[in-house]
Amino acid sequence: MYRGQDIGDRDQLVATCIEILKSGNEAERYKILPHVSVTRCQRFLDPLLGMLGSGTPGDQEFAALALGALGDPAAIDPLFAVLQDTHIFNKGRNRSLEAAVILTLGEIGHEKAVDLLLQVYGLRYLGESSAHNRKVNVLSALGLLAQQGSERAVEQLLDLATQEQSDRQAQAVTELSVAYWHRANEVPDTVLKAMYKMTQSGADEVRRAAVAALSTLANLGCRRAEGYFSAPASS
């Protein structure tokens, strides 16, 4: 049985983890995810991409999660290719795999993923009644990118926050707020103004989400967000 505390140096740890990738059971594989995240060793890339491309849906889901932990942009195109393999997802199958791949595209944190995620946002697979869950996951992935400083992800979330259905508008504005929790004074004025505008009109859940977004940013020290709570209605 693999135990992290029994491993010697970094090279030995990586070698043991790769052996587990090749021959370990599911439980053993999931136990090595923290080591993939900490070491971020390039040697993990090829075996994980092999599993992503040719494994069972369960293997592919693990590979997607591990590639997110690895954080290598070289995985972006192969991850997107999985989502284009329509027979995997027709009729609503393998939702957890789909979610893992989409969120990993955001977790890797590379600008290239933005355009691909927007393509995924518009996907519809054969026999599915709704793409709602997919759109929700894409918004979450864009939020992960925005947290890591992607200006294009912020722009797309802002666009979706003003144009989408009310529940997804509410999620988009929340994702925008969360993206700046660790840097509250860096929120662009365009984002704050859009949030304020949404507090004044639209569906109730959108107004509530916008108020909460502004309020949280204000509580985290953003004086410009705080100022909107005393702004006249004509602002």
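Above this text sits the structure in question.
Just so it is clear, the structure is predicted and the values come from calculations on it, not from any experiment.

**A few points about the packing of aromatic side chains**
Under the criterion given, the structure shown has three aromatic pairs. Each ring, one from tyrosine 30 and one from phenylalanine 62, has its centre 5.1 Å from the other, and the planes form 75°; the classification is edge-to-face. Taken together, the residues span a long stretch of sequence, with tyrosine 30 in helix H2 (residues 26-31) and phenylalanine 62 in helix H5 (residues 57-70) at a distance of 32 residues. Classification of phenylalanine 62 by relative accessible area gives buried; the value is 2%. Here phenylalanine 89 and tyrosine 125 contribute two aromatic rings whose centre-to-centre distance is 5.3 Å and whose plane-to-plane angle is 25°, an arrangement assigned as stacked. Linking phenylalanine 89 in the loop between helix H6 (76-84) and helix H7 (95-107) with tyrosine 125 in the loop between helix H8 (112-121) and helix H9 (132-147), this pair joins segments that are 36 residues apart in sequence. Each member of the pair, phenylalanine 89 together with tyrosine 125, is buried.

**Structural notes on the side chain of glutamine 169**
Here glutamine 169 is to be found in helix H11 (residues 166-179). Apart from the residues within four sequence positions on either side, glutamine 169 is in contact with Leu160, Ala161, Thr162, Gln163, Glu164 and Val206.

**Here's the deal with unusual backbone geometry**
Its identity is not glycine, yet arginine 40 carries a phi of approximately 45°, on the positive side. Looking at the element boundaries, arginine 40 is found in the loop between helix H3 (33-39) and helix H4 (45-54). Although it is not a glycine, asparagine 94 sits at a positive phi angle of roughly 55°. By secondary structure assignment, the location of asparagine 94 is in the loop between H6 and H7.

**Some details on the environment of leucine 139**
Position of leucine 139 among the secondary structure elements: in helix H9. Residue leucine 139 is classed as buried on the basis of its relative accessible area of 0%. Through-space distance from the C-alpha of leucine 139 to that of phenylalanine 89 is 19 Å; in sequence the pair is 50 residues apart. In this structure, leucine 139 is in contact with Tyr121, Leu157, Leu160, Arg168, Gln171, Ala172 and Glu175, ignoring residues within four places of it in sequence.

**Here we look at the nonpolar core**
Counting 79 residues, the largest nonpolar core has Phe44, Leu79, Leu117, Leu142 and Leu217 as the members making the most contacts within it. Not counting chain neighbours up to four residues away, the residues in contact with leucine 117 comprise Ile102, Leu105, Val138, Ala141, Leu142 and Leu145.

**A word on the pattern of salt bridges**
The final tally for this structure, using the stated rule, is nine salt bridges. A salt bridge links aspartate 77 to lysine 112; the shortest N-O distance between them is 2.6 Å. Of this pair, aspartate 77 sits in helix H6 while lysine 112 is found in helix H8, placing the two residues 35 residues apart along the sequence. Given a relative accessible area of 41%, aspartate 77 falls into the partly exposed group. Residue classification places lysine 112 among the partly exposed positions, given a relative accessible area of 38%. Between aspartate 189 and arginine 224 there is a salt bridge, and its shortest N-O distance comes to 2.5 Å. Of this pair, aspartate 189 sits in helix H12 (residues 189-200) while arginine 224 is found in helix H14 (residues 223-227), placing the two residues 35 residues apart along the sequence. Several salt bridges converge on common partners, so that one network encompasses Arg95, Glu98 and Arg134.

So, how was this worked out
- Residues numbered from 1 in each chain as written.
- Predicted model: local features only at pLDDT ≥ 70, side-chain atom pairs only at ≥ 80, totals over all residues.
- Heavy atoms only, no water.
- Phe/Tyr/Trp six-rings, centres within 6.5 Å; stacked < 30°, edge-to-face > 60°.
- Helix = DSSP H or I, 4+ residues; strand = E, 2+ residues; numbered from the N terminus.
- Buried < 20%, exposed > 50% of the residue type's maximum accessible area, 1.4 Å probe, protein only.
- Contact = heavy atoms within 4.5 Å.
- Core = buried A, V, L, I, M, F, W, Y, C linked by side-chain atoms within 4.5 Å.
- Salt bridge = Lys/Arg side-chain N within 4 Å of Asp/Glu carboxyl O.

Bear in mind that shape data such as this cannot, by itself, settle questions of function.
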